[in-house]
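Reading the structure
Chain by chain, the residues:
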Amino acid sequence: MTFVDTLLWINVAVFLAYIPVVCYLDIRYREIEHYVWIPLVIIAGPITAKLYLDGWYNVDGLAISLIMISIFYVMMYQKLIQGADFMFLMFISLFWVVNPYPLPHGIMQIPFYI
């Protein structure tokens, strides 16, 4: 496993750790405070920035992420999703750009953009 693979898996682990926390807060209090997202941004933000600066993520991924964020924003504006849903989808789209799990040889790996 290379250094880049480790960075990718850190982002995956952070998001998978956030899912139960965010679900619990949403079910229990029906609202998620903004300070809950700070550790996610502190951990995943610099990792993603390093991957972009090193050229591992390309600009196309950022463009697709921004398009997806605008679609999520329109969905929030039309009351299809709420604020915390928008925040989580936005962070997934920005910080989890490609699938770190390699596919078997001979199968083209398609990066999934959320």
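Note: the structure precedes this text.
These lines cover the structure that appears in this document, whether it is placed above or below. (Residues numbered from 1 in each chain as written. Predicted model: local features only at pLDDT ≥ 70, side-chain atom pairs only at ≥ 80, totals over all residues. Heavy atoms only, no water.)

The description of an aromatic ring pair rests on the distance of the ring centres and on the angle between the ring planes. Under the counting rule described, the total for this entry stands at nine aromatic pairs. The interplanar angle of 70° and the centroid separation of 6.1 Å between the aromatic rings of Tyr 73 and Phe 86 together place this pair among those described as edge-to-face. Taken as a pair, Tyr 73 in helix 3 (residues 59-77) and Phe 86 in helix 4 (residues 83-95) lie far apart in primary sequence, 13 residues in all. Its relative accessible area of 45% is what places Tyr 73 among the partly exposed residues. Residue classification places Phe 86 among the buried residues on the basis of a relative accessible area of 10%. With 5.8 Å between their ring centres and 5° between their planes, Phe 91 and Phe 95 make a pair best called stacked. On the criterion of helical spacing, the pair formed by Phe 91 and Phe 95 is a turn pair, its members being four residues apart in helix 4. There is no split in this pair, since Phe 91 and Phe 95 are both buried. (Phe/Tyr/Trp six-rings, centres within 6.5 Å; stacked < 30°, edge-to-face > 60°. Helix = DSSP H or I, 4+ residues; strand = E, 2+ residues; numbered from the N terminus. Buried < 20%, exposed > 50% of the residue type's maximum accessible area, 1.4 Å probe, protein only.)

Another point: the nonpolar core. Core analysis: the largest hydrophobic core is formed by 23 residues, its most contacted members being Phe 15, Tyr 18, Ile 32, Trp 37, Leu 40 and Phe 91. Elements represented by at least two residues in this core include exactly helix 1 (3-29), helix 2 (38-53), helix 3 and helix 4. A per-element tally of this core places helix 4 first, with eight residues. Apart from residues lying up to four places away in sequence, Phe 15 is in contact with Leu 40, Phe 88, Phe 91, Ile 92, Phe 95 and Trp 96. If you look at the next biggest cluster of nonpolar residues, it comprises six residues, including Leu 7, Leu 8, Tyr 57 and Val 97. (Core = buried A, V, L, I, M, F, W, Y, C linked by side-chain atoms within 4.5 Å. Contact = heavy atoms within 4.5 Å.)

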